[in-house]
Amino acid sequence: MQKPGKKKLIQFYEKMVTIRRVEEKLMEVFSNGEIPGFIHACIGQEATPVAVCSHLKDTDYVSATHRGHGHALAKGINLRLFMAELFGKKNGFCRGRSGSMHLADRNLGILGANGIVAGGIPIATGTAFASQYKKTGQVTVCFFGEGASDEGTFHESLNIASLRKLPIVYVCENNGWAQFTPQAIRLPVNNVADRAAGYNISGVVMPNDFFKIYEEAGKAVERARKGKGPTLLEVKSTRWYGHFVGDAQKYRSQKDITAARSEDCIRNLENKLIEGKILQKQDVERIDKRIHEEIEEAINFARESPFPDDSELMKDLYA
Amino acid sequence: MKEIRYIWAINEALKEEMERDEDVVLIGEDVGIPGGAFGASRGLYDRFGPERVIDTPISEAGIMGLAAGAAACGLRPIVEIMFMDFMTICMDGIVNQIAKMRYMFGSQYTVPIVIRTPAGGGLNAGPQHSQSLEAWFAHVPGLKVVMPGTPYDVKGLLKSAIRDDNPVIVVENKTLHALKGPIPEQEYLVPIGKADIKKQGTDVTVVATSRMVHEALKAADILGQENINIEVIDLLSISPWDKETVLNSVAKTHRLVIAHEAVKSFGVGAEISAVVAEEIMEELDAAIMRVGAPFVPIPFSLEKAYLPNADDVIKAVKRTLERTF
């Protein structure tokens with residue numbers, strides 16, 4: 001696999017920073033009441049969606065989770081319309097019907113975040129099935145947390161995908177927490193990827209490191225694209241904040257939180273890019289400033305966009 | 001016209017639609033080489049091959065989600081759920097995903113899925129293989145539910161369901177699989193959402209579904225000998241249901257009985273009687289009566305006592321005639 005060039009690396013870095021700054025901004029506007037409902041931030045996990053989606057084409061599919069902003073942004077979703085949907089506005093991708101938890105963009109193959117843990121796993125398996133049936137060469141990436149591997153559909157889907165050699169990559173972002181419960185209470189194995197053996201597919205565990213994820217995802221996507229079947233990747237990731245924005249995390253020790261936040265996939269990449277003279281300190285500040293402005297602009301766009309009219313309520317339930 | 005069994009009418013519908021449209025695929029347990037647990041897909045594996053007639057592991061939840069994803073990107077999957085009782089295993093796929101995908105995503109995705117599922121008692125299959133759960137699904141916005149009761153209707157409705165761009169659940173009563181009936185040689189469709197008046201009458205409207213249509217027709221013969229002339233409406237579609245045909249009939253007969261095999265409480269009959277009461281109460285000359293199963297699981301040995309039949313329809317018709325306001 002070709003190593004990414006300087007320009008690409010900077011783009012990947014910018015995407016990761018964008019995801020973090022978007023999440024930080026969303027925490028702010030959610031906390032001040034501008035967005036109702038629930039928001040699940042993926043801060044600490046930005047490397048995975050960017051590293052994985054960097055191998056995908058616009059026509060490839062991704063299915064996301066309730067913690068799905070990073071997946072959509074990494075796949076290339078338009079930031080202004082993304083914000084409009086999160087604010088429940090009429091011009092959002094789902095006309096304000098999905099909000100954060102069901103965000104989808106058909107034109108980019110974003111199958112939707114899902115409010116049901118593991119809900120997206122069989123659906124992603126189905127898009128891979130359709131791509132194989134229609135011989136389109138498309139690949140599906142299915143993101144999920146390690147908590148989703150507790151669900152029966154995880155097993156059923158990987159079993160079917162392996163049987164039929166479907167063009168799919170299952171990407172488990174193991175952040176150690178399923179809502180309020182840590183891994184040790186739920187999993188009798190150390191690695192979700194170990195379960196791949198039960199489906200006769202390859203399972204690979206890796207740290208929350210951009211380059212490592214980039215490399216393994218590249219191999220897995222290529223394997224899928226060549227018709228060699230599914231792969232299960234597991235990234236040992238971290239959840240910096242609570243399950244949802246506003247979660248006081250009384251169930252979690254300060255030590256665990258501090259440990260999670262001491263591991264920063266963005267800072268690690270930044271250091272490597274600076275060491276490699278691909279970025280300079282002033283570039284970092286410049287990039288951050290530009291991203292900040294883009295996000296502010298998108299937020300203002302969302303704020304100023306209209307809500308759907310009440311007459312929209314009963315529209316288009318059926319085709 | 002030709003005489004054909006209900007199960008073969010299903011088989012013909014599947015075969016014709018798979019020939020017409022190569023996006024139609026059949027997914028389920030034992031649907032391929034074995035030809036389906038009840039034989040609905042016999043011969044289709046040989047005709048269309050393993051790419052289009054897919055034997056799956058025993059993973060109802062997994063295959064329901066798989067169908068959702070496949071439908072979202074252009075296929076038209078038909079999923080066979082061997083017994084309607086097993087629909088409970090894939091409720092997330094049906095209720096949270098398939099039913100909502102179009103609306104929730106602002107019409108970006110359509111999910112043309114057909115779920116075929118045999119329901120009902122009569123085979124002594126016991127509490128977990130005999131239920132009629134159509135009301136569960138009719139209660140969910142985004143789904144369509146149909147219950148054809150004759151070979152003609154099942155073929156025409158299944159073909160319409162396959163061509164529909166929405167998820168449609170086709171509920172078959174297992175005891176009807178062997179039923180013979182006439183169907184045309186040439187192609188035809190039965191529209192979703194339209195009821196069929198199986199027998200015209202003047203005294204009492206009996207709205208029935210699936211197997212209970214046949215029980216209502218038996219009741220009509222017996223009641224006819226006593227000069228009671230009932231109208232039998234085969235509802236055919238549960239959601240959406242043909243309100244117009246039912247209301248017009250009630251406005252003519254001024255009496256209503258609703259008969260289904262599912263448990264009476266909170267059932268389809270409750271919905272129909274509520275709508276009739278809300279919209280044309282003044283047309284009614286008597287209390288509405290419902291015929292349905294008692295509020296217990298379906299026992300292995302006491303099926304006869306459990307299942308509603310023509311006698312129950314007769315009793316309900318007589319009761320509504322006695323209870324004139």
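Residues numbered from 1 in each chain as written. Chains lettered and ligands numbered in written order. Predicted model: local features only at pLDDT ≥ 70, side-chain atom pairs only at ≥ 80, totals over all residues.

**Things to note about the interface of chain A and chain B**
In this complex, chain A contributes 32 residues to the contact, which on the side of chain B involves 34 residues. For the side of chain A that touches chain B, the elements supplying multiple residues, two or more each, are α5 (120-134) and α6 (152-164) of chain A. If you tally residues by element for the side of chain A that touches chain B, the top one is α5(A), at 10 residues. Residues of the side of chain A that touches chain B, tallied by class, amount to 15 nonpolar, 11 polar and six charged. (Contact = placed C-beta atoms within 7 Å. Helix = DSSP H or I, 4+ residues; strand = E, 2+ residues; numbered from the N terminus. Nonpolar A, V, L, I, M, F, W, Y, C, P; charged D, E, K, R; others polar.)

**Concerning the sheet that holds strand β3 (residues 168-174) of chain A**
Paired through their backbone hydrogen bonds, the strands of a sheet run either parallel or antiparallel. Residues and elements named next belong to chain A. A sheet is described by the order of its strands in space; here five strands give the open sequence β1-β2-β3-β7-β6, paired in parallel fashion. Of all strands in the sheet, those bounded by a partner on one side alone are β1 (61-63) and β6 (202-207). Neighbour-to-neighbour, the strand axes of this sheet turn through a mean angle of 20°, independent of strand direction. Pairing analysis gives six bridges linking strand β2 (residues 140-145) to β3, with the strands arranged parallel. Counted as the bridge partner of G145 is E173 from β3. Against the sheet, α5 touches β1, β2 and β3, its axis set at about 170° to β2. (Pairing = 2+ DSSP bridges. Axes fitted to C-alpha atoms, helices over the stretch in contact; angles between N-to-C directions.)

**Focus on the packing of helix α1 (residues 6-20) of chain B against helix α6 (residues 151-163) of chain B**
Residue and element names in this part refer to chain B. Contact geometry of α1 with α6 gives a least axis separation of 8 Å together with a crossing angle of 25°. Between α1 and α6, the interaxial angle falls into the category roughly parallel. Every pair of crossing elements has a handedness; the one defined by α1 and α6 is right-handed. Residue-level inspection shows Y6, A9, I10, E12, A13, E16 and E17 of α1 in contact with α6, the latter providing P151, V154, K155, L158, K159 and I162. Its residues assigned to classes, the contact of α1 with α6 comprises eight nonpolar, no polar and five charged. (Parallel < 35°, antiparallel > 145°, perpendicular 65-115°, else oblique. Left-handed = near helix turned anticlockwise from the far one by under 90°.)

**Considering the domain arrangement of chain B**
Residue and element names in this part refer to chain B. Domain annotation for chain B reports domain 1 (2-183) and domain 2 (196-322). Summarising the inter-unit geometry, the C-alpha centres of domain 1 and domain 2 are found 26 Å apart. Counting from both sides, the interface comprises 25 residues of domain 1 and, opposite them, 23 residues of domain 2. Elements represented by at least two residues in the side of domain 1 that touches domain 2 include exactly α5 (134-138), β6 (144-146), α6 and β7 (168-173). (Domains from an automatic or database assignment.)

**Observations concerning helix α4 (residues 91-104) of chain B**
By the criterion of burial, α4(B) is predominantly enclosed, with 11 of the 14 residues buried. Listed in full, the buried residues belonging to α4(B) are B:D92, B:G93, B:I94, B:Q97, B:I98, B:A99, B:K100, B:M101, B:R102, B:Y103 and B:M104. Here the buried face of α4(B) lies against α5 of chain A together with α3 (60-72) of chain B. (Buried ≥ 20, exposed ≤ 12 C-beta atoms within 10 Å, placed from the backbone.)

**Details of the nonpolar core**
By size, the foremost hydrophobic cluster in this structure holds 200 residues, and its most contacted members are A:V169, B:V206, B:V257 and B:V313. Each of domain 1 (2-183) and domain 2 (196-322) of chain B gives at least three residues to this core. Apart from the residues lying within four places of it in its own chain, the contact partners of B:V206 are B:A216, B:I230, B:E231, B:V232, B:I233, B:V257, B:A259, B:V313 and B:V317. (Core = buried A, V, L, I, M, F, W, Y, C linked by C-beta atoms within 7 Å.)

**Re unusual backbone geometry**
The phi torsion of most residues other than glycine is negative, and most of the peptide bonds are trans. All names here are of chain B. A cis amide bond links S239 with the next residue in sequence, P240, at an omega value of 0°. Within the element layout of this structure, P240 appears in the loop between β12 (237-239) and α8 (243-253). The backbone of H254 shows a phi angle near 65°, a positive value even though the residue is not glycine. Along the polypeptide, H254 turns up in the loop between α8 and β13 (256-263).

**Considerations on the pairing of strand β10 (residues 204-208) of chain B**
Residue and element names in this part refer to chain B. The element β10 is extensively covered by neighbouring structure, given that five of its five residues are classed as buried. The alternating pattern of β10 places V204, V206 and A208 and T205 and V207 on opposite faces, both of which are buried. Note that β10 and strand β11 (residues 230-234) share five bridges and pair parallel. By the bridge assignment for β11, V204 is matched with I230. In the classification by handedness, the crossover that spans β10, the intervening helix α7 (residues 211-224) and the parallel β11 is right-handed. Where β10 meets β13, four bridges bridge the pair, whose relative direction is parallel. Bridging across to β13, V206 finds its partner in V257. (Right-handed = clockwise from strand over helix to strand, strands pointing away.)

**Considering the sheet that holds strand β5 (residues 114-119) of chain B**
Residues and elements named next belong to chain B. Judged by pairing direction, the sheet is mixed, and its seven strands sit side by side in the order β3-β2-β4-β5-β7-β6-β12 without closing on themselves. Across the chains shown, the open sheet's two edge strands, defined by having one partner strand only, are β3 (53-55) and β12. Each strand axis lies, on average, 20° off the axis of its neighbour in the sheet, ignoring direction. Of the strand pairs in this sheet, β6 and β7 are connected by three bridges, and their pairing is parallel. Within the sheet, the bridge partner assigned to V145 lies in β7 and is I169. Together, β2 (24-28), β4 (76-80), β5, β6 and β7 form the strand contacts of α6, whose direction differs from that of β7 by roughly 160°.

**A short note on the confidence of the model for chain B**
Model confidence for chain B is summarised by a mean pLDDT of 97, while 100% of its residues fall at 70 or above. Reported confidence for the predicted complex is 0.95 by ipTM and 0.97 by pTM. (pLDDT = per-residue confidence, 0-100.)

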